[in-house]
Number of protein chains: 2
Amino acid sequence: MLTPYAVIDMDYLEKNIGTMADITSRLEINLRPHFKTHKSPLIAQKQIAAGAIGITCATLGEAEIAVNNGLKDILISREIVGTGKLSLLAGLARHADLKVVVDDPYQVTQLSAALAESPVKLGVLIEINIGQNRCGIDPGNLTAIIDLIKLINQHPKLTFLGFQGYEGHLVLHPNEDERTTQVEEANANLMNVVKAVAEAGYPAKIVTGGGTGTTLITGKIEGMTEIQPGTYATMDATYSKIMGLFFAPALKIVTTIISKPSAERLIVDAGSKAISTDYGPPEIIGHSDWVYQCIGDEYGILRHVNGQPIAGNIGDEISLYPAHGCTTINLYDKIHGFRNGILEIVMPIGRGKSF
Amino acid sequence: MLTPYAVIDMDYLEKNIGTMADITSRLEINLRPHFKTHKSPLIAQKQIAAGAIGITCATLGEAEIAVNNGLKDILISREIVGTGKLSLLAGLARHADLKVVVDDPYQVTQLSAALAESPVKLGVLIEINIGQNRCGIDPGNLTAIIDLIKLINQHPKLTFLGFQGYEGHLVLHPNEDERTTQVEEANANLMNVVKAVAEAGYPAKIVTGGGTGTTLITGKIEGMTEIQPGTYATMDATYSKIMGLFFAPALKIVTTIISKPSAERLIVDAGSKAISTDYGPPEIIGHSDWVYQCIGDEYGILRHVNGQPIAGNIGDEISLYPAHGCTTINLYDKIHGFRNGILEIVMPIGRGKSF
């Protein structure tokens, strides 16, 4: 094995998948795990086998991988725009039960045009902005929401299914009480929309949202029909701080000490092209008193937290626990699945599919 | 074309390659461009055709791609450690003129062992730390340096070739005068080593270092035999601030506005998996009064710099000029080469080769 490489502990992975299936079963909410974290068809199939109703994809490219690997119930959680993408979306819809979100009449009109010659229908959800301030219609703008439902229903190839609302600004809130209160408030806005729209004659079949950090909150909210957690399967150092009691650290990056130019500094062969630091530096597994600093695309420095001499040697392998699993996995074409320290399977990762 | 995708303007690329060839020719210094920025065999071949003596690779994986694509004179600028990598290195050395850096006796002993059964010899350079404080022997530690040369020369399969010193901490220094002074001081330490070691009977054939931002400084230093700039070919927004007079912005990422949830906010389909922000946000081409904010792996927000309403529409394509080309290109499997707005070639990128 040539470092740096990515490893998933298969026992931990399967335990995490089982734990989330148990949690959602007890909460009596459907589980639609996000494909974006792992981009692995095998892991998605394990999630389905454990009880997930389908998957969520962040991009059309991910959905294409999923369809090519036999996945059938797929929500694309991003607005799809542009004739090239819409043509591909219409084609993929012939091979799986696809659903997509919209937040503007333009997207609906374009979707309808792309599906004009298609024998299949496409499920459409309306995205509601519940505080992340990314995509989504303001929940107070009921007129726009109802007008959009009417527009969807005017198009014979489109079926209005319900709503998506994602509290992405809250999923990593470090304080559990505040996280709970704020997530409940955010989703109350979503539920006001669901209720008002139902009273206007448009009941929602699907109300979807949530992430790993809000599973236990959003999963309990009356009216949510499904949640979309992603990171729980592989986990990372950031989510472990709030969900480490429930999910085990399955993902790590293995690196090698390639140089020890001073007593206080170890250089490893994992830099920004091997481990992401957009959520902060990785933790160094087995060395809680060491810190990692990225120093280039291909290099990291390990130091003792107090600047004391550090005890590693050139040639030693060191494992890093990424702060952000999604962006770290995305740097690799494959991940090595180990069980009890023995290589079990090399899993291709469908990275490079940002479209 | 499905956004987000990466584009290189072929006219700009070729102009940059020609400009650097001219500069190094006038400075009478050899050019060994870094492969790590573009990871494209075609671009490397263009650099060789314009006069480069060979290439620099940041990883063994890059060198493998280069060897597979017929490149012959390759310096691996990172210490190679571990039996798996050393076995591959010894094998690759049968197919090209490879050179590698070391900074510790352990690496030399391991290199020698890996080459024991090989019919070919490997060129070895000693890395000197000239202030980046990453890898490299302290230039004041002449005893260790000469001992290491002696050790290299003891091994029949290794040939001592000279030194590498990289002023990575200075290549982006914004003030030209300070950059010049500090780069000269840093490289003076390298030249003291070169001189002292030559007087001890070990003349260096190669003294290599430098980057795009120090080409005009390091390239002039008496005693340097070659420089290793990488970014100049494709360029990025960060290097443009100091080298934009010489090199044109060849690289861009094309993205689509997928949502306009408010008058002040446009959402594009390029997030952290499509454009890196480790050197800061990208510039928005043609809209100098707009700013980009990454809001997730697959989303960016565009806003007017003053928070005013912003004039874009859903479906519009927007081009971004990355702050860091190396880590942005690394997110893609291929780059689209356009000339005068017409697609000319799709260039595969050897990403995912961090080992």
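Computed from a predicted structure; not experimentally measured. (Residues numbered from 1 in each chain as written. Chains lettered and ligands numbered in written order. Predicted model: local features only at pLDDT ≥ 70, side-chain atom pairs only at ≥ 80, totals over all residues. Heavy atoms only, no water.)

All names here are of chain A. Domain boundaries assigned for chain A yield domain 1 (10-233) and domain 2 (251-348). Look at where the C-alpha atoms of domain 1 and domain 2 centre, and you get two points 34 Å apart. Counting the surface domain 1 buries against domain 2, the share from its top three residues, Met10, Asp11 and Thr37, is 49%. The tally of links from domain 1 across to domain 2 stands at two salt bridges. Measuring nitrogen to oxygen at the nearest pair gives 3.0 Å for the salt bridge that ties Arg339 to Glu14. The interface formed by domain 1 and domain 2 contains three residue pairs in polar contact (both at pLDDT 80 or more). Elements with a contribution of two residues or more to the side of domain 1 that touches domain 2: helix H1 (10-27) and helix H2 (41-49). For the side of domain 1 that touches domain 2, the per-class residue count stands at five nonpolar, four polar and four charged. (Domains from an automatic or database assignment. Buried area = accessible area lost by both parts, 1.4 Å probe. Salt bridge = Lys/Arg side-chain N within 4 Å of Asp/Glu carboxyl O. Polar contact = N/O pair within 3.5 Å; in protein donor to acceptor, adjacent residues only side chain to side chain. Helix = DSSP H or I, 4+ residues; strand = E, 2+ residues; numbered from the N terminus. Nonpolar A, V, L, I, M, F, W, Y, C, P; charged D, E, K, R; others polar.)

Residue and element names in this part refer to chain B. Spatial strand order, E2-E9-E8-E7-E6-E5-E4-E3: eight strands in an open sheet with parallel pairing. Unpaired on one side and paired on the other, strand E2 (30-31) and strand E3 (55-57) mark the two borders of the sheet. Where helix H6 (residues 142-154) meets the sheet, it contacts strand E5 (97-102), strand E6 (122-128) and strand E7 (158-165), and its direction lies at approximately 150 degrees from that of E7. (Pairing = 2+ DSSP bridges. Contact = heavy atoms within 4.5 Å. Axes fitted to C-alpha atoms, helices over the stretch in contact; angles between N-to-C directions.)

Moving on: a nonpolar patch on the surface. On the surface, a nonpolar cluster with roughly 260 Å² of combined accessible area is contributed by Met1, Leu343 and Val346 of chain A. Tracing the sequence through the fold places Val346 of chain A in strand E17 (residues 342-348). (Patch = residues over 30% accessible without salt bridge, like charges linked within 9 Å, V, L, I, M, F, W, Y side chains within 5 Å. Areas by Shrake-Rupley, 256 points an atom, 1.4 Å probe, with all protein chains shown as cover.)

This brings us to the relation of the copies chain B and chain A. At an RMSD of 0.0 Å, chain B and chain A line up after a rotation of 180 degrees and a shift of 0.0 Å along the axis. The transformation just described matches what one would write down for a two-fold rotation axis. Residue Leu331 of chain B of chain B places its C-alpha closer to the rotation axis than any other residue of that unit, at 3.5 Å. A shared binding surface is used by both copies, with 100% of the interface residues of chain B retained as interface residues in chain A. (Least-squares fit on C-alpha atoms with pLDDT ≥ 70 in both.)

The subject of this paragraph is the interface of chain B and chain A. At the junction of the two partners, chain B supplies 56 residues and chain A supplies 56 residues. Together chain B and chain A conceal approximately 4400 Å² of surface at their shared face, both sides included; 53% is due to carbon and sulfur atoms. The three residues of chain B that bury the most area against chain A are Leu2, Arg134 and Lys273 of chain B, which together make up 16% of that side's buried surface. Taken together, the links from chain B to chain A amount to eight salt bridges. The salt bridge involving Lys36 of chain B is made with Glu298 of chain A; its shortest N-O contact spans 3.2 Å. Here chain B is connected to chain A by 32 residue pairs in polar contact (both at pLDDT 80 or more). Looking at the side of chain B that touches chain A, the elements with two or more residues in it are helix H4 (83-92), helix H5 (105-114), strand E10 (251-262), strand E11 (265-268) and helix H10 (325-329) of chain B. Tallied by class, residues from the side of chain B that touches chain A come to 20 nonpolar, 19 polar and 17 charged.

Attention now goes to the sheet that holds strand E9 (residues 226-227) of chain A. Residues and elements named next belong to chain A. As summarised here, the arrangement of the eight strands in space is E2-E9-E8-E7-E6-E5-E4-E3, forming an open sheet in which the pairing is parallel. On the outer flanks of this sheet lie strand E2 (30-31) and strand E3 (55-57), each paired with one strand and no other. By the bridge criterion, two bridges tie E2 to E9 in an arrangement that is parallel. Each residue of the ladder has a partner; that of Leu31, found in E9, is Ile227. In the packing of helix H5 (residues 105-114) onto the sheet, contacts are made with strand E5 (97-102), strand E6 (122-128) and strand E7 (158-165), and the angle to E5 comes to roughly 150 degrees.

We now examine the pairing of strand E8 (residues 206-209) of chain A. Residue and element names in this part refer to chain A. Across the two faces of E8 the burial is the same, with Ile206 and Thr208 and Val207 and Gly209 all buried. Taken together, the four bridges between E7 and E8 define a ladder with parallel strand orientation. Of the residues in E8, the one forming a bridge with Gly165 is Gly209. Running through helix H7 (residues 176-199), the crossover from E7 to the neighbouring parallel element E8 is right-handed. Note: E8 against E9, two bridges, orientation parallel. Pairing of Gly209 across the sheet is with Ile227, part of E9. (Buried < 20%, exposed > 50% of the residue type's maximum accessible area, 1.4 Å probe, protein only. Right-handed = clockwise from strand over helix to strand, strands pointing away.)

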